[in-house]
Amino acid sequence: MKAPDFAYARPASLDAALALLAEHGEDAVPLAGGQSLVTALNMRLSAPGLLVDLNAIPELTGVSEAGGEAGGIVRIGAMTRHRDVGTAALVRERLPLLAAALPHIAHPAIRNRGTIGGSVALADPATEWPACCLAAGASIVVRGPGAERRVPADDFFQGLYTTALEPGEIVTAIEFPVPGADAVWGFEELSRRHGDYALVGLAATGRRSAGGLSDLRLAFFGVADRPVLARDAAAALEAGDLAGAQAALAGELDPPDDPTTKAATRLHLARVILGRVAARMRGGSAQEDGPDGV
Amino acid sequence: MASENPDRAHAVAFTLNGEAVRAHVPARMHLGDLLRQSFGLTGVHLGCEHGVCGACTILVDGRAVRSCLMLGVQADGATVETVEGLTESGRIRDLQDAFHARNALQCGYCTPGMLVTAAELLDDADAATSREAIRAAIAGNYCRCTGYHAIVDAIASTAEARGQGRRDAGRDAGLEAAE
């Protein structure tokens, strides 16, 4: 189908973009990579009066070290394309969880165009970056008419396509704390066909300690209206009880029933991938046996 | 040039298959329609128009993208290549020959998107070109004849031939360095 009629502007600075969004209010929608928004327009699921294209704003792009003298933060500009996130040297070295997630995001042509900020702002509950943000304890950097603010991922994702973004605000960057030397991580996703939305996925981080695993954050996606931290399962796993962790998921995840996949099936698959990720994290090899290629 | 000011239509200028072109495009028109309707590039096939089927895949600034998920106005300032441009430049001649030899064409509807997707994969020297990697790369391109096996054959044989060429070039370079 064809998109409805709308106006379009491509401001060259963040301030100009925010001014347009403020001026036009709810009638205006920011356009990032467009891999979901243009679909929604073509299918007439959305009919904004104005698209404010963020693609010509250089300050929204790129991967860099931040955090000043203390260091310890990798800042990823919101308009950085999926592919550029996953292939950036800084990401591959410091945030291997993100590099592992990349091949699961749709298909090459989508990864070439879609952006991490767009994905986080859309907050589709079956997508990879929001869960990675949650697992990694990232902060979402937001700008609006007022001052810049940082929202922890724990508070940012609030429901189905619902975030802590206020009207007129956009995501400008995501800041990831760099894990320490004893960090472990894991990523696993099951989908009907490679590149499809996840039936269930898991992004996990933690630390290896003398007794096993500690400080675990298990962010499941595709199983609720937002990415979900399975805290009871994490506690059980830290205590060395994998079966207990798998059992705990029943109380923590509330997967949707849909015509093709029953909730019980998704819950079963969540237990399966928890087992796989836990085994790799405990074994010291976090690398998943996923599809090769980027 | 696409304006910083909101408007329902914009003048755009970009490089299309090696030539500088200009157009006046409604904001709502996606790039696939602009290429077909204003420039007659009907090798850009439109299937689903929501990014799923991959038939409309083109190269923008050297990277494969869905032309149905980019607005025509967003091409302003970009370098755009369609299957026609890739054909005329001879850049995918070996790939096209392999598609022909392996009967990977069938009805031909998905072929332009398959060729562009494969072209990007084969250009990436770091990309794995195992059959599994090829299948993952083309998973976003639907073939309604279900001719995937022959398509994977064609891409794999092209990768093998090019890889052999690269290895030969590397060996020659090594010999030269040794001499």
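Shown above is the structure to which this text applies.
Residues numbered from 1 in each chain as written. Chains lettered and ligands numbered in written order. Predicted model: local features only at pLDDT ≥ 70, side-chain atom pairs only at ≥ 80, totals over all residues. Heavy atoms only, no water.

Concerning the overall build of chain B
Rules: Every helix listed is a DSSP run of H or I at least four residues long, and every strand listed is a run of E at least two residues long, numbered separately from the N terminus. When a residue's accessible area, from a 1.4 Å probe over protein chains only, is under 20% of the maximum for its type it is buried; when over 50% it is exposed; and in between it is partly exposed. Contacts are residue-level and defined by heavy atoms, with any inter-residue pair within 4.5 Å sufficient.
The number of helices and strands found in chain B is six helices and five strands. Reading the secondary structure of chain B in the N-to-C direction produces β-β-α-β-β-β-α-α-α-α-α. Per-residue burial for chain B yields a buried fraction of 52% across its 179 residues. Of the contacts formed within chain B by residues at least 6 apart in sequence, a portion of 53% connects residues at least 24 apart.

Some points on the overall build of chain A
For clarity, the threshold we go by: Atoms considered for the radius of gyration are the C-alpha atoms alone. The globule rule reads 2.2 Å times the number of residues to the power 0.38.
Within chain A, the secondary structure is distributed over 12 helices and 14 strands. In terms of overall size, chain A behaves like a compact globule, its C-alpha atoms giving a radius of gyration of 19 Å where 294 residues would be expected to give roughly 19 Å. For the C-alpha atoms alone, the extent of chain A along its principal axes is close to 55 × 50 × 35 Å. Buried residues in chain A amount to 54% of all 294 residues.

As for the side chain of A:R113
Selection criterion: A residue counts as positive if it is Lys or Arg and as negative if it is Asp or Glu; His and the chain ends are not included. Should a side-chain nitrogen of Lys or Arg be within 4 Å of a carboxyl oxygen of Asp or Glu, the pair is scored as a salt bridge.
Its place among the elements puts A:R113 in the loop between α6 (108-111) and α7 (116-122). Of the buried charged residues, A:R113 lacks a salt bridge, with A:D53 as the closest side chain of opposite charge at 5.5 Å.

Some points on the interface of chain A and chain B
Inclusion rule: As used here, buried area is the combined drop in accessible area, with a 1.4 Å probe, of two parts when they are placed together. Ten residues, namely Ala, Val, Leu, Ile, Met, Phe, Trp, Tyr, Cys and Pro, are considered nonpolar, four, namely Asp, Glu, Lys and Arg, are considered charged, and the remaining ones, Gly among them, are considered polar.
With 41 residues of chain A at the interface, the matching set in chain B holds 39 residues. Carbon and sulfur atoms supply 50% of the area that chain A and chain B bury against each other, a total of about 3300 Å² over both sides. Summed over the shared surface of chain A and chain B, the number is six salt bridges. Counting only elements with at least two residues in the side of chain A that touches chain B, the list comes to β1 (7-9), α1 (14-24), α2 (37-42), β3 (50-53), α3 (82-87) and α6 of chain A. The residue makeup of the side of chain A that touches chain B, split by class, is 19 nonpolar, 11 polar and 11 charged.

Remarks on the environment of A:R226
All names here are of chain A. To keep things clear, this is the line we draw: The term polar contact refers here to a pair of N or O atoms within 3.5 Å; inside protein, the definition further demands a hydrogen-donor-capable atom paired with an acceptor-capable atom, and it admits residues adjacent in sequence only when both atoms are side-chain atoms.
Positionally, R226 belongs in the loop between β13 (212-221) and β14 (228-229). Sequence separation between R226 and S64 is 162 residues; the distance between their C-alpha atoms is 28 Å. Residues contacting R226, with those up to four places away along its chain left out, are P125, F157, Q158, G159 and F220. A polar side-chain atom of R226 sits 3.0 Å from a polar atom in the side chain of D225.

As for the environment of A:L122
All names here are of chain A. Assignment of secondary structure puts L122 in helix α7. Look at L122 and you get partly exposed, because its relative accessible area is 32%. Apart from the residues within four sequence positions on either side, L122 is in contact with S36 and Y161.

Points about the pattern of salt bridges
Scanning the entire structure with this criterion turns up 26 salt bridges over all chains. Of the charged contacts in the structure, one is a salt bridge between B:D33 and A:K2, with a shortest N-O distance of 2.6 Å. Pair noted here: B:D33 is in helix α1 (residues 31-39) and A:K2 is in the segment before β1, and the two residues belong to different chains. Take B:D33: its relative accessible area is 6%, and that puts it in the buried class. The residue A:R193 makes a salt bridge to A:D196 at a minimum N-O spacing of 2.8 Å.

Description of the pairing of strand β7 (residues 149-152) of chain A
Residues and elements named next belong to chain A. Test applied: Any two strands are treated as partners once DSSP identifies two or more bridges connecting them.
Judged from the four bridges that link them, strand β6 (residues 139-143) and β7 form a sheet pairing that is antiparallel. The partner of V142 across the bridge, within β7, is R149. Adjacent in sequence and paired antiparallel, β6 and β7 are bridged by five residues.

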